[in-house]
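What follows is each chain in one-letter form.
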Amino acid sequence: MSKERDFLRVSSWYTALAPYTWDTKFVKLRSEAVAALASGMDAEAAKNFLYTVAGKATMNDLAVPMGDIPGNAFVFVDTCAPTDTERFASKGGAVYSPRSALFYLLQSKKIANAAANGEVEYVCLRPFRNITKAREFRLFIYEGELSAMSQYHLIRHFRRLEGVKSNYWSLAQDFVKNIVWRIPVKTLVIDIYITSSKDILIIDLNRWGECDPLLLRSWERDWRDPAGIQVMAPPTEVSGDVKVSF
């Protein structure tokens, strides 16, 4: 694994960027657990693994750090979260017990691919937070400078963003200037959350060109030319007589 890709793992960048993200705990995975994650399991196979010696040992490893988290936890691995699972779709990924945490990690194809590629070493634990979708963004940092910022959830136009988007862009510019010296990778993508008190928290770091450019549409552009903040446009209203022919 390259030094660049290694730094983008949460277990690597957390030391440098801990003041700018949620408190995170790390649990080293046993080799048997990594192999199980890499195999890619359906619900029945995942349930069966929980009763194996390796499954019980992994749940025991998770028990103490999860017990220190009040309420639900958000559980993921070094390089990705189980966003492709039923648990994420129904409850945003919130889990309460080591059993449910491991059960859903085992069913994620994203995590299976990462584990198979040698990119999984730790389970990462954070207190679960209900995130307001309108305040989640993707930052595109090119050669140490903020080049663009995109609304993350492209589900609809958020009317509330119209009055704050210029302020959000300024906040993001200041944020990048404050943290860029901490990051050895100068061209990367950072997913962030802007809190109600206007603090910026890091959700994840991504390798350049390997994630969705969202409202920037394509990676094929001159990133030295700042594109500013991009948000979904309001729906177009059509007035007057509209004739439709078939």
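Note that the structure is predicted; figures quoted are calculated from it, not measured.

Criteria and thresholds
Residues numbered from 1 in each chain as written. Predicted model: local features only at pLDDT ≥ 70, side-chain atom pairs only at ≥ 80, totals over all residues. Heavy atoms only, no water. Buried < 20%, exposed > 50% of the residue type's maximum accessible area, 1.4 Å probe, protein only. Helix = DSSP H or I, 4+ residues; strand = E, 2+ residues; numbered from the N terminus. Pairing = 2+ DSSP bridges. Axes fitted to C-alpha atoms, helices over the stretch in contact; angles between N-to-C directions. Parallel < 35°, antiparallel > 145°, perpendicular 65-115°, else oblique. Left-handed = near helix turned anticlockwise from the far one by under 90°. Contact = heavy atoms within 4.5 Å. Nonpolar A, V, L, I, M, F, W, Y, C, P; charged D, E, K, R; others polar. Phe/Tyr/Trp six-rings, centres within 6.5 Å; stacked < 30°, edge-to-face > 60°. Lys NZ or Arg CZ within 6 Å of the ring centre and 35° of its normal.

Chemist: Explanation requested: the pairing of strand β4 (residues 122-127) in the structure shown.
Modeler: Successive side chains on a regular strand alternate, one facing one side of the sheet and the next facing the other. The buried fraction of β4 amounts to 5 of the 6 residues, a majority that puts the element mostly inside the structure. As paired strands, strand β2 (residues 73-77) and β4 are joined by 5 bridges and run antiparallel to one another. Residue pairing for β4: phenylalanine 74 is matched across the bridge by arginine 126.

Chemist: Even after reading the chapter, I still don't get the sheet that holds strand β8 (residues 200-207), so can you show me in this structure?
Modeler: Across a sheet, strands are paired by hydrogen bonds formed along the backbone, either parallel or antiparallel in direction. In space, the 5 strands of this open sheet follow the order β8-β7-β5-β6-β9, with mixed pairing throughout. Edge strands, defined here as strands with exactly one partner in the open sheet, are β8 and β9 (228-230). Ignoring strand direction, the axes of neighbouring strands in this sheet form an average angle of 25°. By the bridge criterion, 7 bridges tie strand β7 (residues 188-194) to β8 in an arrangement that is antiparallel. Looking across to β8, one finds that tyrosine 193 is bridged to leucine 201.

Chemist: Looking at this structure, how should I read the packing of helix α5 (residues 53-67) against helix α7 (residues 98-106)?
Modeler: When two helices pack together, their arrangement is captured by the angle between the axes and the distance separating the axes. The geometry of α5 relative to α7 is characterised by a closest axis approach of 8 Å and an angle of 120° between their N-to-C directions. Taken together, the axis directions place α5 and α7 in an arrangement best described as oblique. Between α5 and α7 lies a crossing of right-handed hand. Listed contacts from α7 to Gly55, Thr58, Met59, Leu62, Ala63 and Met66 of α5 are Pro98, Arg99, Ala101 and Leu102. Here the residues of the contact of α5 with α7 sort into 7 nonpolar, 2 polar and 1 charged.

Chemist: Please clarify how the packing of aromatic side chains should be interpreted in this entry.
Modeler: Tallying each qualifying case throughout the model produces 15 aromatic pairs. Residues phenylalanine 26 and tyrosine 122 carry aromatic rings whose centres are separated by 6.3 Å and whose planes lie at 80° to one another, so their mutual orientation is edge-to-face. One end of the pair, phenylalanine 26, is in strand β1 (residues 25-28); the other, tyrosine 122, is in strand β4, with 96 residues separating them in the sequence. Looking at phenylalanine 26, the relative accessible area reads 28%, which means it is partly exposed. Accessibility expressed as a relative area gives 24% for tyrosine 122, which makes it partly exposed. Aromatic side chains phenylalanine 137 and tyrosine 168 sit 5.6 Å apart centroid to centroid with 85° between the ring planes, which places their arrangement in the edge-to-face category. Of this pair, phenylalanine 137 sits in strand β5 (residues 136-142) while tyrosine 168 is found in helix α9 (residues 165-179), placing the two residues 31 residues apart along the sequence. Of the two residues examined, phenylalanine 137 and tyrosine 168, each falls in the buried class. Directly above the aromatic system of tyrosine 51 lies the positively charged group of arginine 99, at a separation of 5.3 Å from the ring centroid. Across the ring face of tryptophan 223, the terminal group of arginine 221 is positioned such that the distance to the ring centre comes to 4.9 Å.

Chemist: Explain the packing of helix α3 (residues 31-39) against helix α8 (residues 109-116) here, please?
Modeler: Their axes nearest at 6 Å, the elements α3 and α8 cross at an angle of 125°. Taken together, the axes of α3 and α8 are oblique relative to one another. In the packing of α3 onto α8, the handedness of the crossing is left-handed. Packed against α3, whose contacting residues are Val34, Leu37 and Ala38, the element α8 presents Ile111, Ala112, Ala115 and Ala116 at the interface. Of the residues belonging to the contact of α3 with α8, the class tally is 7 nonpolar, no polar and no charged.

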